[in-house]
Amino acid sequence: MTEYFPDVKEIKYEGPDSKNPLAFKHYNADELVLGKKMADHLRFSVCYWHTFKGLGADPFGPGTIIRKYNDFSDPMQIAEATLDAAFELFTKLGVNFWCFHDRDIAPEADDLAETNRRLDKIVLKAQKLQDDTGVKLLWGTTNAFSHRRFMAGAGTNPSPEVFAYAASQIKKAIEITHQLGGVNYVFWGGREGYDTLLNTDMGRELDHLAMLLQMAVDHKKKIGFDGQFLIEPKPKEPTKHQYDFDSGNCHAFLQKYNLANDFKLNIEANHATLAGHTFQHELAYCAANGILGSVDANRGDMLLGWDTDQFPTNIYDATLAMYTILQSGGFDKGGLNFDAKVRRQSVDGIDLFYAHVGAMDCFARGLKNAARLIEDKVLENAVKERYAGWDGELGSKIEGKKVGFAELEAYILEHGEPELASGRQEMLENILNEYI
Ligand code: XUL
Ligand code: CO
């Protein structure tokens, strides 16, 4: 069989003293952290779209990257060769999961029936490669945003015909995700938003989006797919305003339309920062509301301000992210999917490996730092102490809903001005740095 990345062998753990750029210094799959294997905490996944289909195109120029698996005239041959290359990379890296959009793995044909036949053919091959390698599907999803028919959205399109097309496509994508044993299924509302309110009926579009998601839930039950449905928030790009703006916004939407029991969220770091939040904020919001499903691990560039989808390298952010994930009980069905692409000048196959090795090591360090923070209970104790008043007499009465305005007014009239306590932010920031 053709080897697509012949200059890379299996990536091994060599420890922090290694100078080998193609070795893990920190990610040691079987090493126990807080009693659980690193691989099971982190559940790394490679994304198909950027890693294998992204060729470095940007709004100012076409792709710069040439891959051997694209060197065929028949698009189905390209699809099959790409799948071989993908599983070669997954196994050489030692990741346990992958993710795809329907249109990443099989090219769209002139009509839906033929498109679905193509998908079926590729899915059979993917099934075999999964069985041979043990690599599993973290999630599947639908690309209902690239084709020109979706220029005005999929579920929120003003045309019911386009809505019907999107529904048909999602139906098939859920079915193939089920067939491949996918652990989750993601809905990212690319183009589910608006470019101008001058032509938009927002209320009607939101109702339609909810109807599409409800149909997906019904179909999931009908076919017995027990994967977790996930919504991936993003505030803008490609549209001016995306309806799945951030986790708080998605949560409100899910509750309004009675979908909250059927969905959790897939939080992407660069989407959080585009929404004006930190990555940790979005994770913390989900954790606080029991809706943390999975993570797209990447980063933006503070100076650029669009969705640059870079590989994560910031150990500080990874530590805080892993701290929040571990505090919320860790991943159940979710994982860390690298929704990230190499830069336009990184034209060699080996660059894909450098990128993933660095990102995996970054999160392995984040995990180990977070585990030490948890073991030492530094932040936990500081937070507990800060809220200690709520376990006292007054706090318990309020939390126990035993008092109202009148009793609280009487309390203040009797006790006077509350005593203030320092938030100790600087001290905690210094302590955190000792763990990084
Ligand atoms: C787009 C994005 C998507 C989703 C899947 O910004 O993150 O790739 O992760 O559709
Ligand atoms: Co994403």
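Residues numbered from 1 in each chain as written. Chains lettered and ligands numbered in written order. Predicted model: local features only at pLDDT ≥ 70, side-chain atom pairs only at ≥ 80, totals over all residues. Heavy atoms only, no water.

A.B. asks: So what exactly am I meant to see when it comes to the nonpolar core here?
C.D. replies: Note on soluble globular proteins: their nonpolar side chains tend to be buried together. Judged by nonpolar contacts, the single largest core of 115 residues is most densely connected at L42, F90, W98 and F363. A total of 15 residues in this core trace back to one element, the largest contributor, which is helix α12 (residues 349-376). Residues in contact with L42, not counting those within four places in the same chain, are Y27, M322, F331, G335, L336, F363, A364 and L367. Formed by 5 residues, the second largest nonpolar core is a distinct cluster that contains A144, A154, V162 and A166. (Core = buried A, V, L, I, M, F, W, Y, C linked by side-chain atoms within 4.5 Å. Buried < 20%, exposed > 50% of the residue type's maximum accessible area, 1.4 Å probe, protein only. Helix = DSSP H or I, 4+ residues; strand = E, 2+ residues; numbered from the N terminus. Contact = heavy atoms within 4.5 Å.)

A.B. asks: Explain the packing of aromatic side chains here, please?
C.D. replies: The description of an aromatic ring pair rests on the distance of the ring centres and on the angle between the ring planes. Applying the stated criterion across every chain yields a total of 24 aromatic pairs. Ring plane angle 65° and centroid distance 6.4 Å describe the contact between F52 and Y69, whose orientation is recorded as edge-to-face. Here Y69 lies in the loop between α2 (48-53) and α3 (75-93) and F52 lies in helix α2, a separation of 17 residues in the sequence. As far as the burial class goes, F52 and Y69 line up, both buried. (Phe/Tyr/Trp six-rings, centres within 6.5 Å; stacked < 30°, edge-to-face > 60°.)

A.B. asks: Explanation requested: the coordination of the cobalt ion (ligand 2) in the structure shown.
C.D. replies: Each pair of donors in an ideal four-coordinate tetrahedral metal site encloses 109.5 degrees, whereas pairs in an ideal six-coordinate octahedral site enclose 90 or 180 degrees. For the cobalt ion (ligand 2), the full set of protein donor atoms is E232 (OE), E268 (OE), D296 (OD) and D339 (OD), and the range of their distances to it is 1.9 to 2.1 Å. Considering all 6 donor atoms around the cobalt ion (ligand 2), angles at the metal cover 80 to 173° and the coordination shape is octahedral. Spacing between the donor residues of the cobalt ion (ligand 2) along the chain follows E-x35-E-x27-D-x42-D. Pair noted here: D296 is in strand β13 (residues 292-296) and D339 is in the loop between β14 (336-338) and α12, with a separation of 43 residues, a long-range link. Note on D296: relative accessible area 0%, which makes it buried. (Donors = N, O, S within 2.8 Å, 3.2 Å for Na, K, Ca; no water. Tetrahedral: all angles 85-135°; square planar, octahedral: opposite > 155°, others 65-115°.)

A.B. asks: What's the story with the pattern of salt bridges in this structure? I'm lost.
C.D. replies: Any two side chains of opposite charge can pair, on the condition that their charged atoms come close. Under the criterion given, the structure shown has 18 salt bridges. For D30, the salt bridge is made with K37, and the minimal N-O distance between the two is 3.9 Å. The exposed category is assigned to D30, whose relative accessible area is 55%. Residue classification places K37 among the partly exposed positions, given a relative accessible area of 36%. A salt bridge links K92 to E88; the nearest nitrogen and oxygen atoms lie 2.9 Å apart. (Salt bridge = Lys/Arg side-chain N within 4 Å of Asp/Glu carboxyl O.)

A.B. asks: When you look at the site of ligand 1 in this model, what are you seeing that I'm missing?
C.D. replies: The environment of ligand 1 is formed by W49, H101, W139, W188, E232, K234, E268, H271, D296, D307 and D339. Here an oxygen atom of ligand 1 sits 3.0 Å away from a polar atom, N or O, in the side chain of D296. For ligand 1, an oxygen atom lies 3.0 Å from a polar atom in the side chain of D307. Taking 290 Å² as the accessible area of ligand 1 by itself, protein coverage stands at 94%. (Near = heavy atom within 4 Å. Polar contact = N/O pair within 3.5 Å; in protein donor to acceptor, adjacent residues only side chain to side chain. Areas by Shrake-Rupley, 256 points an atom, 1.4 Å probe, with all protein chains shown as cover.)

A.B. asks: Even after reading the chapter, I still don't get the side chain of D102, so can you show me in this structure?
C.D. replies: With respect to the secondary-structure elements, D102 resides in helix α4 (residues 102-105). For D102, a relative accessible area of 1% translates into the label buried. Setting aside residues no more than four positions away along its own chain, D102 makes contact with L119, T141, T142, N143, Q169 and A173.

A.B. asks: Looking at this structure, I do not really get the domain arrangement of the chain. What am I missing?
C.D. replies: Examined at the domain level, the chain breaks down into domain 1 (12-376) and domain 2 (381-435). Computed from C-alpha atoms alone, the centre-to-centre distance between domain 1 and domain 2 is 40 Å. Each partner contributes residues to the interface: domain 1 has 6 residues there, and domain 2 has 4 residues. Regarding the contact of domain 1 and domain 2, the summed buried area is about 560 Å², with carbon and sulfur atoms giving 59% of it. Counting every contact that joins domain 1 to domain 2 gives 0 salt bridges. Linking domain 1 with domain 2 are 3 residue pairs in polar contact (both at pLDDT 80 or more), by the criterion used here. Elements represented by at least two residues in the side of domain 1 that touches domain 2 include exactly α11 (315-327) and α12. (Domains from an automatic or database assignment. Buried area = accessible area lost by both parts, 1.4 Å probe.)

A.B. asks: What is the right way to look at the packing of helix α5 (residues 112-133) against helix α6 (residues 160-179) in this model?
C.D. replies: In a pair of packed helices, the angle between the axes and the distance between the axes together describe the arrangement. Orientation of α5 relative to α6, taken along the N-to-C sense of each, is 15°, at an axis distance of 10 Å. Taken together, the axes of α5 and α6 lie roughly parallel to each other. Note that α5 runs across α6; the crossing there is right-handed. Across from L112, N116, L119, D120, V123, L124 and Q127 in α5, the residues of α6 making contact are Y165, S168, K172, I176 and Q179. Its residues assigned to classes, the contact of α5 with α6 shows 6 nonpolar, 4 polar and 2 charged. (Axes fitted to C-alpha atoms, helices over the stretch in contact; angles between N-to-C directions. Parallel < 35°, antiparallel > 145°, perpendicular 65-115°, else oblique. Left-handed = near helix turned anticlockwise from the far one by under 90°. Nonpolar A, V, L, I, M, F, W, Y, C, P; charged D, E, K, R; others polar.)

A.B. asks: Any chance you could explain unusual backbone geometry here in plain terms?
C.D. replies: Backbone phi values are negative for most residues with the exception of glycine, while trans is the configuration of most peptide bonds. The omega torsion of the bond from E237 to P238 falls at 15°, within 30 degrees of zero and hence cis. Within the fold, P238 resides in the loop between β10 (228-231) and β11 (241-242). Phi at D309 takes a positive value of approximately 50°, unusual for a residue other than glycine. Note on placement: D309 falls in the loop between β13 and α11. Positive phi, normally seen in glycine, also occurs at R424, with a value near 55°. Position of R424 among the secondary structure elements: in the loop between α15 (405-415) and α16 (425-435).

A.B. asks: Where do I start with the pairing of β13 in this structure?
C.D. replies: The buried fraction of β13 amounts to 5 of the 5 residues, a majority that puts the element mostly inside the structure. Pairing between β13 and β14: 2 bridges, direction parallel. Bridge pairing in β14 links V295 to L336. Viewed along the sheet, the connection from β13 through α11 into β14 turns out right-handed. (Pairing = 2+ DSSP bridges. Right-handed = clockwise from strand over helix to strand, strands pointing away.)

A.B. asks: Would you explain the sheet that holds strand β8 (residues 184-187) in this entry?
C.D. replies: The pairing of strands in a sheet happens through backbone hydrogen bonds and is either parallel or antiparallel. Pairing in this closed barrel of 8 strands is parallel, and the strands run β5-β6-β7-β8-β10-β12-β13-β14 around the ring. Between one strand axis and the next, the sheet turns through 30° on average, direction left out of account. For strand β5 (residues 44-47) and β14, the ladder comprises 3 bridges, and the chain directions are parallel. Paired with V46 across the bridge in β14 is F338. Each of β5 and β14 touches α12; the most contacted strand, β14, lies at about 155° to it.

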